[in-house]
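Examining the three-dimensional arrangement
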Amino acid sequence: MTDPLAFPLPRTCPFAPPDDYARLRAREPATRVVLPTGRPAWIVTRHADVRALLGSSDVSSDIRHPNFPAMGAGEQEAGARSRPFIRTDPPEHTKYRRLLVPELTVRRVRAMRPAVQGIADAALDAMLAGPPGADLVTAYANVVSTSTICELIGLPNEHIALFHEITRVSGGRNSNAAEVGAALGRLFQLLADLITLREKEPGTDLLSRLVTEHLLPGRVTRQELLSTIGITVIAGRETTTSMISLATLLLLTRPDLRAELTGDPDLMDGAVDELLRVMSVTDTIPLRVAARDLDVGGTVIPEGDGFIALLAAADHDPAAFPDPEKVDFRRDARHHLAFGYGIHVCVGQHLARLELAVALETLLRRVPTLRPAVPADEVPMNNASATFGLDSLPVTW
Ligand code: HEM
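All of these numbers come straight from a predicted model, not from anything done at the bench.

Points about the overall build of the chain
Each helix and strand counted, the chain has 15 helices and 13 strands in total. Here the C-alpha radius of gyration of the chain, 21 Å, is about what a compact globule of 397 residues would show, namely 21 Å. Along the first, second and third principal axes, the C-alpha set of the chain runs to 60 × 55 × 35 Å. Residues counted as buried form 56% of the 397 residues belonging to the chain. Looking at the chain alone, contacts between residues at least 24 apart form 72% of all its contacts between residues at least 6 apart. Total accessible area on the chain is roughly 16400 Å²; 55% of this is exposed by carbon and sulfur atoms. Charge centroids of the chain, computed over 41 positive and 49 negative side chains, lie 3 Å from each other.

Describing the sheet that holds strand β3 (residues 40–44)
Reading across from one edge, β1-β2-β3-β9-β6-β4 is the order of the six strands in this open sheet, with mixed pairing throughout. The sheet is open, and its two edges are formed by β1 (5–6) and β4 (59–60), each paired on a single side. Where β4 and strand β6 (residues 287–290) come together, two bridges link them in antiparallel fashion. Bridging from a neighbouring strand, Val59 pairs with Ala290 of β6.

Brief notes about the nonpolar core
One finds Tyr140, Leu155, Ile229, Met279, Phe329 and Leu370 to be the most contacted residues of the largest nonpolar core, which totals 92 residues. Ranked by residues supplied to this core, first place goes to helix α11 (residues 222–253) with 13 residues. Every residue in contact with Tyr140, bar those within four places of it in the chain, is listed here: Ala120, Ala123, Leu124, Met127, Asp135, Ile244, Val358, Ala359, Thr362 and Leu363. If you look at the next biggest cluster of nonpolar residues, it comprises 18 residues, including Leu9, Leu35, Ile63 and Leu287.

Some words on the coordination of the iron atom of the ligand
The sole protein-derived ligand of the iron atom of the ligand is Cys346 (SG), positioned 2.3 Å away. One can find Cys346 in the loop between α14 (311–315) and α15 (349–366).

Comments concerning the site of the ligand
Around the ligand sit 30 residues in total, of which His93, Arg97, Arg288, His344 and Cys346 are the nearest. Residue His93 places a side-chain N or O atom 2.6 Å away from an oxygen atom belonging to the ligand. Between the ligand and the protein, one listed contact pairs an oxygen atom with a side-chain N or O atom of Arg97 at 2.7 Å. Secondary structure elements with two or more residues in the shell around the ligand: α4 (92–100), α7 (136–153), α11 and α15. Per-element accounting of the shell around the ligand gives the leading share, six residues, to α11. For the shell around the ligand, the residue count by class is 17 nonpolar, nine polar and four charged.

Let's talk about the state of the cysteines
Counted by the stated rule, this structure contains zero disulfides. With no disulfide partner, Cys150 has as its closest neighbouring cysteine sulfur the one in Cys346, 17 Å distant.

Section: helix α2 (residues 47–54)
The α-helix advances 3.6 residues per turn, and as a result positions three or four apart in sequence lie on the same side. Within the sequence span of α2, burial applies to His47, Asp49, Val50, Leu53 and Leu54. Check the buried side of α2 and you find it contacts β3, β4, β6, β7 (294–296), β9 (306–309) and α14.

Comments concerning the side chain of Ser82
Looking at the secondary structure, you find Ser82 in helix α3 (residues 73–82). With relative accessibility at 14%, the residue Ser82 sits in the buried group. Excluding residues that lie within four positions of it along the chain, Ser82 makes contacts with Leu184, Phe188 and Ser227.

The rules we used
- Residues numbered from 1 in each chain as written.
- Predicted model: local features only at pLDDT ≥ 70, side-chain atom pairs only at ≥ 80, totals over all residues.
- Heavy atoms only, no water.
- Helix = DSSP H or I, 4+ residues; strand = E, 2+ residues; numbered from the N terminus.
- Rg over C-alpha atoms; globule rule 2.2 N^0.38 Å.
- Buried < 20%, exposed > 50% of the residue type's maximum accessible area, 1.4 Å probe, protein only.
- Contact = heavy atoms within 4.5 Å.
- Areas by Shrake-Rupley, 256 points an atom, 1.4 Å probe, with all protein chains shown as cover.
- Lys, Arg positive; Asp, Glu negative; His and termini not counted.
- Charge placed at Lys NZ, Arg CZ, Asp CG, Glu CD.
- Pairing = 2+ DSSP bridges.
- Core = buried A, V, L, I, M, F, W, Y, C linked by side-chain atoms within 4.5 Å.
- Donors = N, O, S within 2.8 Å, 3.2 Å for Na, K, Ca; no water.
- Near = heavy atom within 4 Å.
- Polar contact = N/O pair within 3.5 Å; in protein donor to acceptor, adjacent residues only side chain to side chain.
- Nonpolar A, V, L, I, M, F, W, Y, C, P; charged D, E, K, R; others polar.
- Disulfide = S-S within 2.5 Å.

This is the structure:
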């Protein structure tokens, strides 16, 4: 028997999954791998299988499981302590999720459009106030995504750089448990202080509602509330930063796609889903353990084994998306799995779509001369984080 494949695999192109995914998907439905922790796991690569497994009640997201396929030891040790609800099972998971679902409905998110537009405009005002030349990741993508999360929850906007640093460390595959614990500790301390403030002086924001409707009547504990807000800050920031940066790089290197999008604004909603499909930046976020033997297209993942439902592999499966490497804003990509599937499907997906649409439309309209300041193949990719992205995107105009 050959040695199991070392996982994760790096991307070599920012707009495509790791090269080996297509080969593995064509060969077998599930492949044995070994993780950086030395632990064995499986990867699942076909769209139908990924969707079926994420929709199944025979799988667990409990990070305390000894075979949980965390990519770094730091993530698992810190996660087992702080218990982010993305890594819990029902009924615990249901309790947390219910706090957020009513806050992120299509209707609620639609009402946030003027605020997100104001955030994008202010970020561009600041970027354009200086001489031409900026890093689009820090000057724009990160500001839009972080300010939007702050706006949603009701957090002061002064911590943008700090939130960026906290998620860089807590989501970094090379961070050890002490580093992840310290980063999360800083975030939780900051949030705990804000919760205390809202207890004394509630406002009209999400945090105030959760404090007055859930914490004070004793429906959730302080720790549970902290954990819910903490995971929302972490899950909602880096993902959207990555998507805005990668989508911008793609549009700057593909004048045909850029012209198509600026020429027909009605294309934006379809383009956003196609961009989410193509990038699938949270490829390795859905980590699971088999709660019983799972038959995946004839291969059995035995009960108790960990597996990773690879979203980028699923979203480039030709059985679900003909000619998958082609970026086609007119295809129907809505069955992509970039937001996951099943009970853990991204609770912030409507907000993420809105942010992407507003960020891209505003950038293309207001900076028509925007162009990369370095050759596209010199733009540094970030393969060391739970979410794939760009370390920086030097641009000029
Ligand atoms: C492009 C942006 C985004 C992408 C690609 C993305 C992707 C995902 C994926 C794949 C999951 C499921 C993980 C799993 O099954 O284990 C997830 C869950 C989650 N996302 Fe997002 N996300 C994005 C933006 C956001 C935003 C803006 C927010 C907050 C407002 C958010 C909050 C969450 C939360 C709280 C969960 C946990 C849900 C649960 O476990 O029930 N995400 N996201």
